[in-house]
Amino acid sequence: MYANLKAFIVNRVGDWGFVVGIAGALFWFGSLDYATVFAAALEPGAATYTVEIFPGHPWHVATIVCLCLFVGAMGKSAQVPLHVWLPDSMEGPTPISALIHAATMVTAGIFMVARMSPLYELSDVALSVVLVIGATTAFFTGLIGIVQNDIKRVVAYSTLSQLGYMTVALGVSAYAGGVYHLMTHAFFKALLFLGAGSVIIAMHHDQDMRRMGGLAKYMPITCVTMWLGSLALVAAPGFSGFFSKDLIIEAVAESQRWGAGYAYYCVMAGVFVTALYSFRLLYMTFHGKEHFVVEQGRHGVHDDQHQPGRLDHPPRESPWVVTVPLVLLAIPSVMIGWPTVAPALFGGWFGGSIRVAPANDVLAILGREFHGPLAMTLHGFTQPTFWIALAGFIVATYVWLYNPGVADKAKNALRPIYNLLDRKYWVNEVYDALFITGGIRMGRGFWKGGEVAVVDGAVNGSSTLVGRTAGVVRWIQSGYLYHYAFAMILGLIALMGWLWWITLRVPV
Amino acid sequence: MTVPNILSVLIWLPIVGGLAVFACRRNADAARWLALLVTLATFIVSLGLLTGFVPDGPLMQFVENHAWITALKSNYALAADGIAIALIVLTTFTTILVVVASWGPIRERVSQYMAATLLLEGFLIGVFSTTDALLFYVFFEAMLIPMFIIIGVWGGPRRVYATLKFFIYTFFGSIFMLIALIYLHLKTGEFSLAAFAAAPLSMTEQAWLFFAFFAGFAIKVPMWPVHTWLPDAHVEAPTGGSITLAAIMLKVGGYGFIRFSLPITPDASIEYAWVMVALSLIAIIYVGYVALAQEDMKKLVAYSSVCHMGFVTLGVFIAVALVRMDGNLGAARLATQGAMVQMISHGVVSGAMFACIGVMYDRLHTRTITEYGGLANVMPWFAAFMVMFSMANTGLPGTSGFVGEFMIILASFQHSPLVALAAAFTLVISAGYTLWLVKRIIYGEIKNEKVAAMPDLNIREWVVLAAFAAAVIGIGVYPKPLTDLMEPAVQQLVQQLTTAKV
């Protein structure tokens, strides 16, 4: 319940920037029609058009508009610091998670920036911001995935991290690469979510991986498809994720943009992190010791009353309505890269829809070295990214499969870091204190202090004042004739005295 | 088909009908049915304004002009442009729903209540359709009386405080307006709005007049900081009164700014546009936070009304600034259109919100938010409507709430990106207070047995909410007929602003 409110409001923060960005585009071009705007963006001077928001400080409209629009993208595509809503939205049903949080809705931001590439190309500043935000998201949210125990949350943080990769691609002007990763990611991430859903069904709606383990023999289809999906996710050469992610990393390496150095470290480290949490998930779920207890003869107990970790029958492979989609998603997760990589990235699939200034065109540089998917795959085995991922695989295998005690030791040794990740950098707590509790408290303060005390105080005060004055004046209006007569005499005396005094002073 | 003298018919049909309803003292049902009949007839007649309006024709149409008080050269002059027509149809539409929504809840003195509602409708239509300042003033004041009675007789426990506050506040404002009108009359010898608009006025004169009008209209809108009568009035008013108050009466303020302040005191309007913009932004942001903290849902919606009406004044005075400081007539038209659409939209959305609160109040007799919870489980139809109107209240695209705010934000950026940024904050804060309300009332666990026993909508309530919903979605999805209707009037208004009086 809290999650949906949060998703809505955080997205609204994104919309706040987005709407202002749209308004800025209207201000800039006098139109909101794509064709008109993109044509106008080609005209000389479009990039140097400025506005003085604060007098004396001309700002590039291109930068303002692109940054504002990007705030909207940060909301929808869950980039740091507007990422907080996405993991919580995993409260929703698993197929919804697969659909919205993997494939469709979260991609809206990436799509929008790619769509607006003619505008973004005009502002290096905006693209650098996009790059840095994306790189930060890619690395730091991936780290959180390592310490999560809820199977869906691991996948959710993986989504955040991958969205970061897409944003990085946008930031280095490799828009096609970002959109391409969006496509490949949709297949394997939907697969991972649905696979997680299948596991959750088998575990009677328990999502905690610490009470799983050894499920491979009970649910082979789920296990195999999730392995395939994970291999695609860690960009094992030849899998779909490899073509898109490797390309993004190469593009970052080629880019001269400010922030590209930082981004390169982030995406490279991210490869290791991705391997770590992906294989950790697989090992904790499907391999190693079983951490659940099967208690026969507890039939007839309603699902809700299940105790976590106690099943009334051995876990079963999910029915075909669940496994068939897994298989169908596994096929493109493995293979979709082969036929599509060449046309999508180097073959002009996007035609004129994506516009890249020649100076920024890193994909063109990569295209010169591209000799087909097979060569790319073989080349992939020689790349550092492959070795980093392999290292991640080896570490994960050792820690979570062969020597699970290490994980606990590491956890204790690195307690502060573990806490930092486990609490997700305390971002939620800070937002809660600052914006939620703080906002409500501020509202109360405004209400009690501003409204009731000051504004209404002034209103009621003035009416009280009128009442008091009337109360005093009322004594004069006594209604007794002799009071009035007495007052008249007094007045007459005063008036005569005054006249007399004046005549005395005026020399005759 | 258009009835001859249609504006007169629209004014007097509900007034005469109201007197007839008043006579049904013995028979409450007869009063209800007669009132419904009259409002339906009025609504059908008012549709003639839409069909009979010639878009390329003269600005003011359906003109009627008769000498009224010859000594003062004041005429019984009626005419309507697109802006007036939109507001008149909003009035006739909403009043039907007010009558239906009051059908069950009002059980005492039914004939008097219905009569007051009908009289109010007639006076409101009068306000929107006259082109004579004195006649405007008469209607402007007359409409206080039925509203005063509706809140004071059928209101809640603190109704006497609320009515007095409401009456004194608004009356206080209109006194200044009357002085302004008298001054203008002395200056021009007439009472027609056209003569007032043409009157040459020095800057000092304009400034005084501007603030006199401001006193009258800002209280009506209501703008911060003269808004505190509104939450009190809403909390005490019966549901029907709240709907009329929020949906129509507040619009008189915005309409007044457009009809009086802008044409008569254009130079003062530009001089003090920044004040108006600042007050509007305070209404949008600061009052938004105040709404967040409310514990009484009627107060919450009342404060949210202040926020949304802040967009109306923002749109109007950003338009002034755009014309005179930036020479950007296109954006000025956009802002004015936005303000107008926002007025109509707020009419339906806030009316619907108050109708929803009425539905809940009739069942549980409390408006405290924490007394409710989990209504979606017991009243699915109601929950669906309430969530939809809440989305409109937060300005979600596809609902009427989005259109006006979006237009105003777009236009504001052309004058000042910072104003646009501040105004767009409404996206966050309105989502905050509205959704938090919905979350606490509609979702979650069923609060207690009393809530569990709440029946879903009856057929009358369903009809009311469905009619509001149709309007909210209709305007939200396809606002073009509405904006087309108002476009000539908006153009004229913006054109008028280009010429300085001094």
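Refer to the structure above for everything that follows.
Along each chain, the written sequence defines residue order, and numbers are assigned to residues from 1. Labels follow written order: the first chain is A, the first ligand is 1, and so on. Only residues with pLDDT of at least 70 are given local features in this predicted model, and only at 80 or more are side-chain atom pairs given and counted; all residues enter the totals for whole chains, interfaces and linings.

Visitor: Any details on the overall build of chain A? Residues and values, ideally.
Guide: Each helix is a run of H or I in the DSSP string that is no shorter than four residues. Each strand is a run of E no shorter than two, and both are numbered from the N terminus. Regarding its fold elements, chain A presents 22 helices and four strands. Computed over its C-alpha atoms, the radius of gyration of chain A comes to 34 Å, more than 25% above the 23 Å expected for a compact globule of 508 residues. Buried residues are those with 20 or more other C-beta atoms within 10 Å of their own C-beta, exposed residues have 12 or fewer, and partly exposed residues lie in between; C-beta atoms are placed from the backbone. Evaluated residue by residue, chain A yields a buried proportion of 45% over its 508 residues. Within these notes, the globule rule equals 2.2 Å times the number of residues to the 0.38 power, and the radius of gyration is based on C-alpha atoms.

Visitor: I'd like to hear about the overall build of chain B, residue by residue, with values.
Guide: Of the regular secondary structure elements, chain B holds 23 helices and two strands. Computed over the C-alpha atoms, the radius of gyration of chain B is 21 Å, within 12% of the 23 Å expected from 2.2 N^0.38 for a compact globule of 502 residues. Each of the 502 residues in chain B was classed as buried or not, and the buried ones make up 64%.

Visitor: So what's going on with the pairing of strand β2 (residues 57-60) of chain A? Residues and values would help.
Guide: All names here are of chain A. Strand direction decides the pairing type here: strand β1 (residues 50-54) and β2, joined by four bridges, are antiparallel. Looking at β2, one finds that Val51 is bridged to Trp59. Paired strands are those between which DSSP finds at least two bridges. Where β1 folds back onto β2 in an antiparallel hairpin, the turn is made up of two residues, including Gly56, whose phi is positive at roughly 90°.

Visitor: Tell me about the interface of chain A and chain B, and name the residues and values.
Guide: Placing a C-beta atom from the backbone of each residue, one calls two residues in contact when those atoms lie within 7 Å. Of the residues lining the interface, 29 residues belong to chain A; the matching set on chain B comes to 27 residues. With 14 residues, the top contributor of residues to the side of chain A that touches chain B is helix α1 (residues 2-29) of chain A.

Visitor: Tell me about helix α11 (residues 220-233) of chain A, residues and numbers included.
Guide: Residue and element names in this part refer to chain A. For α11, which comprises 14 residues, the first-to-last C-alpha distance of 20 Å matches the rise-based estimate of 20 Å (1.5 Å per residue) to within 8%. Regarding α11, the residues found buried are Thr222, Cys223, Thr225, Met226, Leu228, Gly229, Ser230, Leu231, Ala232 and Leu233. Looking one or two places after α11, you find Ala235, whose phi comes out positive at around 65°. Multiplying 1.5 Å by the helix residue count minus one yields the expected span of that helix.

Visitor: I'd like a description of the pairing of strand β1 (residues 61-69) of chain B, backed by residues and values.
Guide: One face of the sheet, then the other: side chains in a regular strand alternate in exactly this way. Residue and element names in this part refer to chain B. Pairing analysis gives six bridges linking β1 to strand β2 (residues 74-80), with the strands arranged antiparallel. Across the sheet, residue Glu64 finds its bridge partner in β2, namely Leu78. The turn joining β1 and β2, which pair antiparallel and follow one another in sequence, is formed by four residues; a positive phi near 55° is taken by Lys73.

Visitor: So what about unusual backbone geometry? Which residues, and what values?
Guide: For the bond running from B:Val221 to B:Pro222, omega is -15°, close enough to zero to count as cis. Note that B:Pro222 resides in the loop between α9 (203-220) and α10 (229-236). A cis amide bond links B:Trp224 with the next residue in sequence, B:Pro225, at an omega value of 5°. Tracing the sequence through the fold places B:Pro225 in the loop between α9 and α10. Residues other than glycine seldom take positive phi values, yet A:Ser173 does so here, at roughly 70°. The topology assignment puts A:Ser173 in the loop between α9 (151-171) and α10 (175-202).

Visitor: Describe the packing of helix α6 (residues 144-154) of chain B against helix α7 (residues 159-188) of chain B, with residues and values.
Guide: All names here are of chain B. For helices, the axis comes from a line fit to the C-alpha atoms of the stretch in contact; other axes are also lines fit to C-alpha atoms, and the angle between any two N-to-C directions lies between 0 and 180 degrees. At a minimum axis distance of 9 Å, the contact between α6 and α7 shows a crossing angle of 165°. When the axes of α6 and α7 are compared, the pair comes out roughly antiparallel. With respect to the hand of their crossing, α6 and α7 are arranged in right-handed fashion. Where α6 approaches α7, its residues Leu144, Phe148, Ile151 and Gly152 are matched on the opposing element by Arg159, Val160, Ala162, Thr163, Phe166, Phe167, Thr170 and Phe171. By definition in this entry, angles of less than 35 degrees are roughly parallel, angles greater than 145 are roughly antiparallel, angles of 65 to 115 are roughly perpendicular, and the rest are oblique. With the far helix as reference, a near helix turned anticlockwise by less than a right angle produces a left-handed crossing, and one turned clockwise produces a right-handed crossing.

Visitor: Help me get a handle on the packing of helix α14 (residues 297-326) of chain B against helix α20 (residues 426-442) of chain B, residues and values and all.
Guide: Residue and element names in this part refer to chain B. Relative orientation of the contacting elements α14 and α20 amounts to 165°, with a least axis distance of 11 Å. By the angle between their axes, α14 is roughly antiparallel relative to α20. Note that α14 runs across α20; the crossing there is left-handed. Contacts between α14 and α20 involve Met297, Leu300, Ser304 and Cys307 from the first element and Thr426, Ser430, Tyr433, Thr434 and Leu437 from the second. Three residue categories are used. Nonpolar comprises Ala, Val, Leu, Ile, Met, Phe, Trp, Tyr, Cys and Pro, charged comprises Asp, Glu, Lys and Arg, and polar comprises the others, including Gly. Among the residues making up the contact of α14 with α20, the classes are represented as five nonpolar, four polar and no charged.

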